[in-house]
Structure formats: C-alpha cells, structure tokens
Amino acid sequence: MPAPSITFGSLPSGARTAVEAETGSILRIENVNTGLNSPLSALAHTADGVVFLKGLRTDHRWVWTQQREADINPYVTPLAPRLLFHVIADGWDVLGFETIDGHHADYSPGSPDLPKVTGALRELASLPCPDIELRHAEQRLARYVADPADADAFAGNALLHTDWNNHNVLITHDRAHLVDWGWATRGAAWLDPAHWIIWLISAGHTPSAAEEAVAFLPTWASAPPRAVDAFADAGANLWDEIAGSASYDWTMNMLTAARLWQQHRSHSYGWQ
C-alpha cells in the first residue's frame with residue numbers, strides 16, 4: 001500500500017531546517033500528487049530555482065530506496081535528473097533533485113512520446129551496470145514463476161530501471177528522462193522492454209502492437225522467447241499480488257494488461 005502523503009510544512013522542524021540548509025530559503029512549496037512510493041513529493045521554489053523533493057520516514061520499510069537512488073544517480077545522469085543533495089534528519093530521509101521541465105509520458109497508441117521512450121530504453125541499455133549494491137532480477141521474480149529455475153533466465157549484468165509507470169518518464173522537447181530509480185536492478189537487458197510492454201498494453205495497445213513497439217530494440221531482439229514467456233507469467237502473478245494488496249483502478253488495469261500479454265504469449269507460441 002502507498003504510504004500516506006505529507007506536505008513539506010508538516011515535516012518535523014529538524015527535517016525542514018536540514019533541507020533548507022541545502023536549498024536556501026524556500027519561498028513556496030508546490031505539492032506533487034503523482035508519486036506512489038514517496039509520502040513527501042514536492043517542488044521547492046527558491047531564489048535560485050526549483051528543487052524536486054522526495055522523502056520517506058527513516059523507519060519506513062522502503063527507506064532503503066532513498067540510498068539506492070543516491071548511490072546510482074552519478075551513473076545515470078543525464079538520463080535521470082541530477083541529485084543535488086541527500087539529507088537524513090529528524091526521522092526523515094529526503095532527496096533533492098534538479099527539476100525536469102517536461103510532461104509525463106503518454107503511452108497511448110500513436111503518441112509522439114513513444115519514440116522518445118524507446119530512445120531512453122536504448123540509452124539505458126548503453127550504460128554499464130555500476131558496481132554498487134543492486135537487487136537481482138532473478139531473485140526479485142523467483143517467487144512469481146511456476147518453477148524457480150525459470151527465473152535463471154532473468155539473470156544478467158545489465159542495469160535495469162524496472163518501474164516504467166508513465167509518471168516515472170518525463171518528456172521534454174528532445175528526449176525522455178527517467179526518474180524514481182529506487183527499484184533499479186541488475187539483470188537481463190531485455191527485461192526493461194518487457195516491463196514496458198505491460199504498461200503499453202494497459203495504455204491501449206494490443207499485445208502484438210506492444211511487442212512491435214520494442215521490436216527494433218537490440219536488447220529485445222536478443223530475448224529468448226521461452227524466457228519472455230516465463231516473464232509474462234511472472235508479470236501476471238506479480239500484478240495479481242499488487243492488485244490484491246492495493247486494489248485501485250490503475251492496478252486492476254495493469255493486472256488485466258499483464259494477463260492479456262500472458263495469454264498472447266501462450267496462444268502465439270503454444271509452449272505452455
């Protein structure tokens with residue numbers, strides 16, 4: 001379940017003071033309501049510009065994602081916005097990022113944003129996986145496949161983003177930027193296009209059209225078909241779990257999309 005949101009003004013005074021020591025005096029706060037994993041999500045307007053703030057309580061079960069984002073940021077800019085500071089004070093863990101002036105990606109069929117997203121997928125695939133602590137795809141997905149051995153096909157040494165929610169993709173005039181790297185993972189390079197396929201189906205693409213959208217990505221071309229089938233099964237099981245614990249319209253849409261792709265893979269290849 002997403003954590004309840006909090007405004008910057010509701011933070012403990014020590015946390016606010018620590019943030020303003022980095023930003024300078026904050027003239028105005030603009031709350032952002034699209035974040036799913038960060039109780040604090042806001043734009044801080046200062047005399048020097050605008051800083052995006054995201055934060056979690058230090059006792060939150062996902063607070064480790066804050067450090068993950070801080071650790072990985074030097075390796076993924078300019079694909080990701082630059083991290084300006086990371087403060088831990090008065091029970092809160094807060095990151096401050098440069099602000100990207102763009103809109104959330106539109107994944108619907110025919111959207112002009114789609115080529116920019118595939119460009120981001122290509123750029124990400126070209127980045128070396130840094131030697132930092134990352135989760136491994138085969139471990140993250142092992143519980144969602146019928147046979148744990150099937151998860152071995154997800155192993156690899158590519159850097160993956162894994163959370164292709166369109167709110168995590170900001171479109172500017174010339175490119176797509178990826179935000180929210182807390183769930184960055186080490187694994188097979190074709191997994192990010194596979195994750196994106198489910199979001200494309202949820203946005204209105206047929207399973208075939210969603211696969212065509214990634215067909216020219218070199219990482220996707222290298223994907224073993226049976227491994228993709230195993231991932232489609234894992235995706236359906238994963239979204240079934242997510243929708244079961246947080247039943248919102250968007251999670252149910254994602255579950256429907258994942259099941260449609262799973263059925264498509266099964267009917268198209270007949271290996272399951």
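Computed from a prediction, not measured in an experiment: that's the story for all the values here.

Parameters and conventions
Residues numbered from 1 in each chain as written. Predicted model: local features only at pLDDT ≥ 70, side-chain atom pairs only at ≥ 80, totals over all residues. Heavy atoms only, no water. Helix = DSSP H or I, 4+ residues; strand = E, 2+ residues; numbered from the N terminus. Rg over C-alpha atoms; globule rule 2.2 N^0.38 Å. Buried < 20%, exposed > 50% of the residue type's maximum accessible area, 1.4 Å probe, protein only. Contact = heavy atoms within 4.5 Å. Areas by Shrake-Rupley, 256 points an atom, 1.4 Å probe, with all protein chains shown as cover. Lys, Arg positive; Asp, Glu negative; His and termini not counted. Charge placed at Lys NZ, Arg CZ, Asp CG, Glu CD. Pairing = 2+ DSSP bridges. Axes fitted to C-alpha atoms, helices over the stretch in contact; angles between N-to-C directions. Polar contact = N/O pair within 3.5 Å; in protein donor to acceptor, adjacent residues only side chain to side chain. Parallel < 35°, antiparallel > 145°, perpendicular 65-115°, else oblique. Left-handed = near helix turned anticlockwise from the far one by under 90°.

Enquirer: Please clarify how the overall build of the protein chain should be interpreted in this entry.
Expert: Of regular secondary structure, the protein chain possesses nine helices and eleven strands. Relative to the compact-globule value of 19 Å for 272 residues, the protein chain shows a C-alpha radius of gyration of 19 Å, a close match. With respect to the three principal axes, the spread of C-alpha positions in the protein chain is 60 × 40 × 40 Å. Counting across all 272 residues of the protein chain, residues that qualify as buried make up 51%. In the protein chain, of all internal contacts separated by at least 6 residues, the share reaching a separation of at least 24 is 67%. Summing over all exposed atoms, the protein chain offers an accessible surface of approximately 12,500 Å²; the carbon and sulfur share of this is 51%. A gap of 1 Å separates the mean positions of the 17 positive and 31 negative side-chain charges of the protein chain.

Enquirer: Can you walk me through the sheet that holds strand β6 (residues 103–104) in this structure?
Expert: Sheet strands pair via backbone hydrogen bonds, and the direction of the pair is either parallel or antiparallel. The antiparallel open sheet is built from three strands, whose spatial order is β6-β9-β10. With one partner strand each, in any of the chains shown, β6 and β10 (176–178) form the two edges of the open sheet. Lying on the sheet, helix α3 (residues 114–126) is in contact with β9 (169–171) and β10; it crosses β10 at an angle near 55°.

Enquirer: Honestly, the environment of Lys54 in this entry has me stumped. Any pointers?
Expert: For Lys54, the position within the fold is in strand β3 (residues 49–57). Overall, Lys54 belongs to the buried group, its relative accessible area being 7%. Residues Lys54 and Pro39 lie 15 residues apart in sequence; the distance between their C-alpha atoms is 7.6 Å. For Lys54, the residues in contact, after removing those within four places along its chain, are Ser38, Leu40, Gln66, Glu69, Asp93, Val94, Leu95, Phe97 and Asp180. At 2.5 Å, the side chain of Lys54 and the side chain of Glu69 are in polar contact.

Enquirer: Is there a simple way to think about the pairing of strand β4 (residues 83–89) in this case?
Expert: Looking down a regular strand, the side chains alternate between one sheet face and the other. As judged from the six bridges shared by β4 and strand β5 (residues 92–98), these two strands associate in the antiparallel manner. Paired with His86 across the bridge in β5 is Leu95. Hairpin geometry of β4 and β5 is characterised by an intervening segment of two residues between the two adjacent antiparallel strands and by a positive phi of about 50° at Asp90.

Enquirer: I keep staring at the packing of α3 against helix α5 (residues 191–202) and nothing clicks. Help me out?
Expert: Packed helices, taken two at a time, are described by their axes: the angle between them and the distance between them. Where α3 contacts α5, the two axes come as close as 11 Å, and the packing angle between them is 160°. On the basis of the axis angle, α3 is roughly antiparallel to α5. In this structure, the crossing between α3 and α5 has a hand that is right-handed. Each of Leu114, Val117, Thr118, Leu121 and Leu124 in α3 lies in contact with α5, whose residues at this interface are Asp192, Pro193, Trp196 and Leu200.

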